[in-house]
Structures are given as structure tokens and as C-alpha cells.
Amino acid sequence: FFKQKTAYEIRNCDWSSDVCSSDLGEAAFRATEAAVTVPALASAQSQVVALGGGAVTVPEVRTALQRPGLFVVFLHAPGDVLLARLLADPVARPSLTGLPLRAEIEALLAARLPVYRALAHAEIDAAAAPTAVAAAIAAAFTARRERLR
């Protein structure tokens with residue numbers, strides 16, 4: 001299991017700092033994100049690579065997600081669910097837009113939703129219980145594997 005955020009933390013030591021509006025800036029953050037993500041996707045075999053929602057904003061990551069043999073799942077959660085999760089997280093995420101959190105979530109979802117859907121082989125309701133999400137992913141993977149035979 002490869003979790004992109006963990007790789008970023010290892011490489012940069014402090015996820016909790018305001019990486020998107022600090023000295024690094026969002027462009028530098030996304031470049032580092034791609035440097036971690038693209039090799040992970042290139043070497044992925046029988047493993048899960050969990051990406052952050054903004055990873056698809058990087059063209060190299062989008063290209064890497066289209067590699068034959070990958071099974072890409074979009075875990076979709078409505079804005080209200082994302083808001084509740086972010087508010088419950090003890091580590092505040094830096095703002096990407098400067099908008100209030102609810103407005104930022106809505107703006108980013110509106111911009112990214114078409115990309116998520118274009119790249120994904122399956123879209124799963126991430127607001128469901130974790131066991132239901134895992135079962136839905138397994139079923140979608142099995143169905144896709146059967147279609148490709």
C-alpha cells in the first residue's frame with residue numbers, strides 16, 4: 001500500500017505546515033507530489049496507490065494514471081461529507097483558493113469532478129462505511145477483470 005501523503009511527509013518532513021501558501025507555494029507542492037506519485041504509479045503492481053484529490057491537476061500524474069494495467073477508482077464523497085472530515089481532522093489543511101472552506105470544497109469539486117470521472121474505471125461512494133467501500137472496490141475490480149478477459 002502506497003499512500004501519497006505519507007510519501008510527501010517523508011520527503012518534506014512537515015505536512016502540517018502551510019505548504020500551499022508558504023515559501024513552497026502550490027506549484028512546488030504539486031511538483032513534489034508528481035515526483036513521488038508518477039514513479040509509484042509506474043511501478044505499481046498488485047498494490048494500492050492512494051492519491052490526494054489534487055494529484056489529478058498535474059498532467060504527468062493524469063498520464064501515469066492512464067497506464068495500461070492500472071485500475072483507477074474514484075472515491076466520491078459529497079461536499080458535506082468532505083467538509084465534516086476536514087473539520088474533524090486535527091491537522092488543518094492549507095487553503096488552495098483563499099475561499100471559506102465550504103466554498104473551496106465546492107469550487108475544487110466542480111473543477112476536478114470531470115477529471116476524476118474521466119480517469120476512473122469505477123466510481124465508489126466514499127460516504128459509505130469503510131467495509132462497504134472496500135467491498136464495492138473489490139466488486140468493481142472483479143467486474144472489470146472479467147470484462148477484460
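Residues numbered from 1 in each chain as written. Predicted model: local features only at pLDDT ≥ 70, side-chain atom pairs only at ≥ 80, totals over all residues. Heavy atoms only, no water.

**Details of the overall build of the chain**
Thought 1: On a plain count of helices and strands, the chain comes out with 6 helices and 4 strands.
Thought 2: The 149 residues of the chain split such that 32% are buried.
Thought 3: Relative to all contacts within the chain whose residues are 6 or more apart in sequence, the contacts with residues 24 or more apart total 62%. (Helix = DSSP H or I, 4+ residues; strand = E, 2+ residues; numbered from the N terminus. Buried < 20%, exposed > 50% of the residue type's maximum accessible area, 1.4 Å probe, protein only. Contact = heavy atoms within 4.5 Å.)

**Some points on the nonpolar core**
Thought 1: Within the largest apolar cluster, 18 residues are counted, with the highest numbers of intra-cluster contacts made by Leu 41, Val 61 and Leu 65.
Thought 2: Elements supplying a minimum of two residues to this core: helix H2 (25-43), helix H3 (59-65) and helix H5 (101-119).
Thought 3: When near neighbours in sequence (up to four residues on either side) are disregarded, Leu 65 contacts Leu 41, Leu 51, Val 56, Leu 70, Val 72 and Leu 119. (Core = buried A, V, L, I, M, F, W, Y, C linked by side-chain atoms within 4.5 Å.)

**Details of the pairing of strand S3 (residues 73-76)**
Thought 1: Residues of S3 alternate between two faces, with Phe 74 and His 76 buried on one and Val 73 and Leu 75 left unburied on the opposite face.
Thought 2: Relative to strand S4 (residues 122-125), S3 runs parallel, the two being bridged by 4 bridges. Bridge assignment links Leu 75 to a residue of S4, and that residue is Ile 124. (Pairing = 2+ DSSP bridges.)

**Let's talk about the environment of Ala 31**
Thought 1: Checked against the element boundaries, Ala 31 lands in helix H2.
Thought 2: A relative accessible area of 47% places Ala 31 in the partly exposed class.
Thought 3: Counting along the chain gives 24 residues from Ala 31 to Ala 55, while the straight-line C-alpha distance between them is 9.8 Å.

**Some details on the packing of aromatic side chains**
One pair of aromatic rings is described through two measures. These are the centre distance and the angle between the planes.
Thought 1: A full pass over the atoms with the stated rule returns 2 aromatic pairs.
Thought 2: For the ring pair Phe 71 and Phe 141, a centre distance of 5.4 Å and an interplane angle of 75° mean the geometry is edge-to-face. Here Phe 71 is found in the loop between H3 and S3, whereas its partner Phe 141 is found in helix H6 (residues 130-148), with 70 residues between them in sequence.
Thought 3: Its relative accessible area of 38% is what places Phe 141 among the partly exposed residues.
Thought 4: The interplanar angle of 35° and the centroid separation of 4.8 Å between the aromatic rings of Phe 74 and Tyr 116 together place this pair among those described as tilted. (Phe/Tyr/Trp six-rings, centres within 6.5 Å; stacked < 30°, edge-to-face > 60°.)

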